[in-house]
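Listed here are the chains, written in short residue letters.
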Amino acid sequence: PVVGEGMIGFAREFLNAGATAILASLWDVDDRATAALMSHFYDALLLARASPAAALRTAQTRMRRDPRWQHPADWAGWVLIGVDSPATGATSSGQ
């Protein structure tokens, strides 16, 4: 890692070790908000069989619509890095 790489360097190490994607927060997020977002994320990922990017988008949309978690600080800091992330342009289907 290079000094100053921050989260990208941290994520790169996981990707180099074989992880296909990393879900990370850009800032400290309330524990209860994180639990709610992760519940929505895994419901979409595992039950609805959505791609990781679609599952995150679904989770963030559900959080935004819930009066308890409408503030962006509770859901907007989550990013997907790696396969199927908008940042890489890659998808699970290889497109």
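This text follows the structure it describes.
Here we summarise the structure given alongside this text. Here, residues in each chain are numbered from 1, in the same order as that chain's written sequence. This being a predicted model, a pLDDT of at least 70 is required before a residue's local features are given, and a value of 80 or more before pairs of side-chain atoms are given or counted; all residues contribute to the totals for chains, interfaces and linings. Only hydrogens and water are set aside; all other atoms, that is, all heavy atoms of the structure, feed into the side-chain values.

What follows concerns the packing of helix H2 (residues 31-47) against helix H3 (residues 52-65). Across the interface, H2 lies against H3 with an axial gap of 8 Å and an inter-helix angle of 135°. With respect to each other, H2 and H3 are oriented oblique. Viewed along their axes, H2 and H3 form a crossing whose handedness is right-handed. Listed contacts from H3 to Ala33, Ala36, Leu37, His40, Phe41, Asp43, Ala44 and Leu45 of H2 are Pro52, Ala55, Leu56, Thr58, Ala59, Gln60, Arg62 and Met63. Here the term charged refers only to Asp, Glu, Lys and Arg, the term nonpolar to Ala, Val, Leu, Ile, Met, Phe, Trp, Tyr, Cys and Pro, and the term polar to all other amino acids, Gly among them. Class assignment of the residues belonging to the contact of H2 with H3 gives a composition of 11 nonpolar, three polar and two charged. To obtain an axis, a line is fitted to C-alpha atoms, over the contacting stretch when the element is a helix, and the angle between two such axes runs from 0 to 180 degrees between their N-to-C directions. For the purposes of this entry, the term helix denotes a DSSP run of H or I that reaches at least four residues, the term strand denotes a run of E that reaches at least two, and both are numbered from the N terminus. Roughly parallel refers to an angle under 35 degrees, roughly antiparallel to one over 145, roughly perpendicular to one between 65 and 115, and oblique to any angle outside these ranges. Throughout, a crossing is termed right-handed when the near helix is turned clockwise from the far one, and left-handed when it is turned anticlockwise from it by less than a right angle. Whether two residues are in contact is decided by their heavy atoms, any of which lying within 4.5 Å being enough.

This brings us to the nonpolar core. Remark: nonpolar core denotes a set of buried residues (Ala, Val, Leu, Ile, Met, Phe, Trp, Tyr, Cys) joined through side-chain atoms within 4.5 Å. Relative accessibility thresholds used throughout: buried, under 20% of the residue-type maximum; exposed, over 50%; partly exposed, between the two (1.4 Å probe, protein chains only). Among the nonpolar cores identified, the biggest contains 16 residues, and Ala33, Leu37, Phe41, Leu56, Met63, Trp69 and Trp78 are the most heavily contacted of them. When contributions to this core are tallied by element, the ones reaching two or more residues are H2, H3 and strand S2 (78-82). In terms of residues, this core owes the most to one element, H2, which gives six residues. Not counting residues within four places of it along the chain, the set of residues in contact with Met63 comprises Ala33, Ala36, Leu37, His40, Trp69, Gln70, Asp74 and Trp75.

Next up on the list: the side chain of Thr34. By the element assignment, Thr34 lies in helix H2. Here Thr34 falls in the buried class, since its relative accessible area comes to 18%. Filtering out sequence-adjacent residues up to four positions away, Thr34 remains in contact with Val29 and Trp78.

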